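Structural characterization, general
Residues per chain, in single letters:
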Amino acid sequence: MGLTYVIPDIHGRCDLLSAGLAEIAAHSGGKPAIIVTIGDYVDKGPQSKQVIDRMLSGVADGLSLIALKGNHDAMMVEALRDPSKMAMWIAKGGDAALESYGGDPLAVPQSHIAWLDELRLMHVDNHRVYVHAGVDPGIPLDQQSEATLLCKRYPKGFPSGFGEFHVVHGHDNSPDGPLLYEGRSNLDTLAWRTGRLVIGVFDDDKPGGPVDFIVVRRAPAGQ
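The notes below deal with the structure included here. (Residues numbered from 1 in each chain as written. Predicted model: local features only at pLDDT ≥ 70, side-chain atom pairs only at ≥ 80, totals over all residues. Heavy atoms only, no water.)

1. So, the packing of helix α2 (residues 48-56) against helix α5 (residues 110-117)
Describing two packed helices takes the angle between their axes plus the distance from one axis to the other. For the pair α2 and α5, the least separation of the axes is 11 Å and the interaxial angle reads 75°. Relative to α5, the element α2 is oriented roughly perpendicular. The segment α2 lies against α5, with K49, I52, D53, M55 and L56 engaging H112, W115 and L116. Looking at the contact of α2 with α5 residue by residue, the classes come out as five nonpolar, one polar and two charged. (Axes fitted to C-alpha atoms, helices over the stretch in contact; angles between N-to-C directions. Helix = DSSP H or I, 4+ residues; strand = E, 2+ residues; numbered from the N terminus. Parallel < 35°, antiparallel > 145°, perpendicular 65-115°, else oblique. Contact = heavy atoms within 4.5 Å. Nonpolar A, V, L, I, M, F, W, Y, C, P; charged D, E, K, R; others polar.)

The following block contains the structure:
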């Protein structure tokens, strides 16, 4: 039985990310497995720089990492390359990200900007579509817009995925989540603020939602 572990929105909480990766390594027991991180590594929380450094350092032996892009990751790249977009980024949590680099946009390494910019938008396996925000069920996967993949919000309680594929996403936070439906799983629990990160565990041979969860708890924001 192969497993895929899905880490949702981290938003500058390196403590949660590091603990989550350690928990995954223990849970997998040294067997080969896949980790999918579904974006929003930066902004809001205090350690955006440290989160990217941790992602760049790789994962434990036997584990494969697939890192996807979130809308905040795209926003950070745009702001650092186009000063006219800086104010909007700062207003949406970029101030915390910038502070993790000492407050100077010029101090953000080009390697970090390139890593964020080159992240994939989607991962698809035999049973599931993994994406930051969601997909339009009426459009082929290879024709989905970047705006949809990074920013879509499903109607409240919307149960469907993408045809026979279960959609695994974050972006639309629910502190009491995850929110689980027949066709999709929303794993975003506002972890950067609540201190509660929920990692979904999926059986690669079994369609549908998660078969298990890893819950990581650390101090809520500001404590």
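Picking up after the structure, the text goes on.
2. Comments concerning the side chain of H171
Among the secondary structure elements, H171 is positioned in the loop between β6 (166-169) and β7 (179-180). Here H171 falls in the buried class, since its relative accessible area comes to 9%. Of note is the side chain of H171, whose polar atom sits 3.3 Å from the side chain of N71. Side chain to side chain, H171 and H132 meet in a polar contact 3.2 Å long. In this view, H171 contacts D9, N71, H132, A133, L150, C151, K152, R153 and D188; residues no more than four positions away in its chain are not counted. (Buried < 20%, exposed > 50% of the residue type's maximum accessible area, 1.4 Å probe, protein only. Polar contact = N/O pair within 3.5 Å; in protein donor to acceptor, adjacent residues only side chain to side chain.)

3. What about the pairing of strand β1 (residues 3-7)?
Among the five residues of β1, five are classified as buried, and the element is accordingly described as predominantly covered. Burial along β1 is two-sided: the face carrying L3, Y5 and I7 and the face carrying T4 and V6 are both buried. Two strands pair when backbone bridges link them, and β1 and strand β9 (residues 196-203) are joined in this way by four bridges, in the antiparallel orientation. The residue of β9 that forms the bridge with T4 is F202. Bridge count for β1 against strand β2 (residues 33-37) is four bridges, and the pairing is parallel. Along β2, the bridge assignment pairs T4 with I34. Read from β1 through helix α1 (residues 14-28) to β2, the crossover connection turns out right-handed. (Pairing = 2+ DSSP bridges. Right-handed = clockwise from strand over helix to strand, strands pointing away.)

4. Some details on the layout of surface pockets
Considered as a void within the structure, the largest pocket measures approximately 220 Å³ in volume. Lining the largest pocket are 15 residues, with K44, N71, H72, R153 and H171 positioned closest to its centre. Counting only elements with at least two residues in the lining of the largest pocket, the list comes to α3 (71-81) and α7 (191-194). The greatest single-element share of the lining of the largest pocket, amounting to three residues, is contributed by α3. Looking at the lining of the largest pocket, its residues break down into four nonpolar, five polar and six charged. (1 Å grid on protein atoms, 1.4 Å probe; cavity = no way out; pocket = protein on both sides within 12 Å on 5 of 7 lines; lining within 4 Å. Points joined across faces, edges and corners; volume = space filled by probe spheres on them.)

5. Side note on the pattern of salt bridges
A side chain with one charge can pair with a side chain of the opposite charge if their charged atoms come near. One pass over the structure, following the stated rule, counts four salt bridges. The salt bridge involving R13 is made with D15; its shortest N-O contact spans 2.9 Å. (Salt bridge = Lys/Arg side-chain N within 4 Å of Asp/Glu carboxyl O.)

6. Here's the deal with the pairing of β6
Neither face of β6 is left uncovered, since the one carrying H166 and V168 and the one carrying V167 and H169 both have all their residues buried. Sheet topology note: the strand β5 (residues 128-131)/β6 ladder contains three bridges and is parallel. Counted as the bridge partner of V129 is V167 from β6. Each parallel crossover has a hand, and for β5 linked through helix α6 (residues 146-151) to β6 it is right-handed. With three bridges joining them, β6 and strand β8 (residues 184-186) adopt parallel strand pairing. In the strand pairing of β8, V167 is matched with R184.

7. Focus on α5
Those residues of α5 that fall on the buried side of the exposure criterion are H112, I113, W115 and L116. Buried residues along α5 cover an arc of 160° about the axis, so they all sit on one side. Buried residues in α5 make contact with α2, β3 (63-67) and α3. (Arc of directions from axis to C-beta.)

8. Structural notes on the sheet that holds β6
Strand order in the open sheet formed by five strands is β4-β5-β6-β8-β7, and the pairing between neighbours is mixed. The two strands at the open ends of the sheet, each matched to only one other strand, are β4 (122-124) and β7. As judged from the three bridges shared by β4 and β5, these two strands associate in the antiparallel manner. Within the sheet, the bridge partner assigned to M122 lies in β5 and is V131.

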